[in-house]
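Here's the letter readout for the chains.
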Amino acid sequence: MKNKIECPYCDGNADLHREAKEITYRKEMFKIISHFYRCEKCAEEFTTTEADTISLIQVHNQYREKNNIPFPEEIAGIRQKYELSASKMSEVLGLGANGYSNYENGEIPTPAYGNLISAAAELYTFMNLLEKAKEHFSSNAFNKAKERVAYLIRTADKNKNLVAAMNVYGQANNFTGYKKPEPAKIANLVTYFIRRSKPDFNDKLKLNKQLFFTDFTHYKNYGASISGLSYRAIKYGPVPANYDNIYAYLENEQLIGSQFLRLSNGGAREILFSEADFDKTLFSQQELETIEAIVARFANIPTWDIVELSHQEKAWKELEANRALIGYQDYAFELKTL
């Protein structure tokens, strides 16, 4: 979002402002950071479509979290893992012809339908729902759907354990930037930053800060993180809460490697390297733009420079003493560095 635009009421320029505000949505009250512009010349205040969107997203995020309603990406992901069309998912769940498709595209279901969709994410629950909707399938299609669920049941523990190891939360909430953690995205972010940065600066300390600024910058601009990671404020700045497990996983999968550089004082410093390709198809255009902004800002600056920048952030100043998790809604709009 631009910090300064032309005023539509006069020939002056208007600055972006943010202020805390309470909004009523579906008879519930939510606290957001409202975005608006104020003209330097005529003092007129106004919003734009982009400003209204970021405000509305905050309301929707909190409403979904409070009522346990899955987010659009989660809703699409549930269907995709079962390899069914949106129309078939609607039939299985009894949502009407276009119900599931509408929810994937951002329409917010009622809490009751939200709970039904969440329940469908559970494999054994979905198997039962599938059995009850057998009449909506041909014999071959029904058997194929059952075989897919059976396969997912056999492999579920591995995927669930991976997410649990990489992050403290497995579902979207304020501490994940309202995105479900995605190991593939996390892996691609880390390896991309390594490959695009000056090799001597590729240590875990710097990479942790790049991940933090990536996710919180994206939330500041679009109301969602990219990776779904949770961050904790510790001595040397914000870090992914389970960062040791992330790097261990990436090394075990041979996506990254490490080597030690000898220091002049006789010590050594671990440097990471990677030859993994970047899969940009995992990311939206907005996400790719945020990632490139982070690369441009941090690729060639030393580790301690980015550490010092992270120490200027309100989130670190207020939470470091207790090593607390950092809420995106609470601190992303306070971000100073980008």
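For clarity, every value in this text was computed on a predicted model and none was experimentally measured. All residue numbers refer to positions counted from 1 along the written sequence of the respective chain. In keeping with the model being predicted, local features are shown solely for residues with a pLDDT of at least 70 and side-chain atom pairs are shown and tallied solely at 80 or more, while totals for entire chains, interfaces and linings include all residues. Values reported for side chains reflect all heavy atoms of the structure, with hydrogen atoms and water molecules removed beforehand.

Runs of H or I in DSSP of at least four residues are treated as helices and runs of E of at least two as strands, each being numbered from the N terminus. Among the structural elements, lysine 88 can be located in helix H3 (residues 86-93). Exposure is judged per residue with a 1.4 Å probe applied to protein chains only, and the accessible area is read against the type maximum: over 50% gives exposed, under 20% gives buried, and values in between give partly exposed. The exposure class assigned to lysine 88 is partly exposed, which follows from its relative accessible area of 23%. Separated by 45 residues in the primary sequence, lysine 88 and alanine 133 have C-alpha atoms spaced 9.5 Å apart. Here the side chain of lysine 88 touches histidine 136 through a polar contact of 2.3 Å, landing on its backbone oxygen. For this analysis, a polar contact is any N or O atom pair within 3.5 Å, provided that within protein one partner can donate a hydrogen and the other can accept it, and provided that sequence-adjacent residues contribute only side-chain to side-chain pairs.

Positive phi, normally seen in glycine, also occurs at arginine 26, with a value near 50 degrees. Relative to the helices and strands, arginine 26 resides in the loop between strand S2 (13-25) and strand S3 (28-39). Exposure remark for arginine 26: the relative accessible area of 39% places this residue in the partly exposed category. Of note, the phi angle at glutamate 83 is positive, near 55 degrees, even though the residue is not glycine. In this fold, glutamate 83 is placed in the loop between helix H2 (72-82) and H3.

Time to look at the layout of surface pockets. Taken as a whole, the largest pocket encloses approximately 1700 Å³ of empty space. The definitions used throughout rest on a 1 Å grid laid over the protein atoms alone, on which a cavity is an enclosed set of points accommodating a 1.4 Å probe that cannot get out and a pocket is an open set flanked by protein within 12 Å on both sides along at least five of seven lines; lining residues are those having an atom within 4 Å of a point. In terms of lining, the largest pocket is formed by 42 residues, of which the most central are Lys81, Ala121, Val163, Gln171 and Lys180. Counting residues per element, the ones that place at least two in the lining of the largest pocket are helix H1 (49-66), H2, helix H6 (123-132), helix H7 (139-166) and helix H8 (183-196). Looking at which element gives the most residues to the lining of the largest pocket, the answer is H7, with twelve residues. Among the residues forming the lining of the largest pocket, the class breakdown is 21 nonpolar, eight polar and 13 charged. Grid points are joined across faces, edges and corners, and a volume is the space filled by probe spheres set on the points. When residues are grouped by polarity, Ala, Val, Leu, Ile, Met, Phe, Trp, Tyr, Cys and Pro land in nonpolar, Asp, Glu, Lys and Arg in charged, and all others, Gly among them, in polar.

In this section: the packing of aromatic side chains. Planes of paired rings set the category: under 30 degrees apart is stacked, over 60 is edge-to-face and the rest tilted, where pairs are Phe, Tyr or Trp rings (Trp by its six-membered ring) whose centres lie within 6.5 Å. Going through the model one piece at a time under the given rule, you end up with 21 aromatic pairs. Pairing tyrosine 169 with phenylalanine 175 gives two aromatic rings, centres 5.9 Å apart and planes at 10 degrees, and the pair type is stacked. Note on tyrosine 169: relative accessible area 31%, which makes it partly exposed. Through a chain of ring-to-ring contacts, the aromatic side chains of Phe71, Tyr178, Phe212, Phe213, Phe216, Tyr219, Tyr231, Phe298, Tyr328 and Phe333 assemble into a single cluster. Cation placement over rings: the criterion is NZ of Lys or CZ of Arg within 6 Å of the ring centroid and within 35° of the ring normal. Over the ring of phenylalanine 71 we find arginine 64, and its NZ or CZ is 5.6 Å from the ring centre. Its guanidinium or amino end placed over the ring of phenylalanine 137, lysine 88 lies 4.7 Å from that ring's centre, counting from NZ or CZ.

To continue, consider the packing of H8 against helix H9 (residues 204-222). The relative placement of two packed helices comes down to the angle between their axes together with the axis-to-axis distance. Two elements in contact, H8 and H9, have axes whose closest approach is 10 Å; the angle formed by their N-to-C orientations is 120 degrees. Put simply, H8 runs oblique to H9. In this structure, the crossing between H8 and H9 has a hand that is right-handed. Within the contact between the two elements, H8 uses Leu189, Val190, Phe193 and Ile194 and H9 uses Leu207, Gln210, Leu211 and Thr214. Taken together, the residues of the contact of H8 with H9 break down into six nonpolar, two polar and no charged. Interaxial angle, 0 to 180 degrees, is taken between N-to-C directions of lines fitted to C-alpha atoms, where a helix line uses only the stretch in contact. In these notes the angle categories are as follows: under 35 degrees is roughly parallel, over 145 is roughly antiparallel, 65 to 115 is roughly perpendicular, and the rest is oblique. In this scheme, a crossing is called left-handed if the near helix is turned counterclockwise away from the far one by less than a right angle; it is called right-handed if the turn is clockwise. Residue contacts are counted whenever heavy atoms from the two residues lie within 4.5 Å of one another.

Let us look at empty space enclosed by the protein. Once rolled over the atoms, a probe with the size of a water molecule shows which space is left empty. The tally for this structure, following the rule as stated, stands at one cavity of 30 Å³ or more. Computed from the structure, the largest cavity encloses a volume of approximately 40 Å³. As for the largest cavity, its lining consists of Phe212, Phe216, Glu313, Lys314, Ala315, Tyr331, Ala332, Glu334 and Leu335. Grouping the constituent residues of the lining of the largest cavity by class yields six nonpolar, no polar and three charged.

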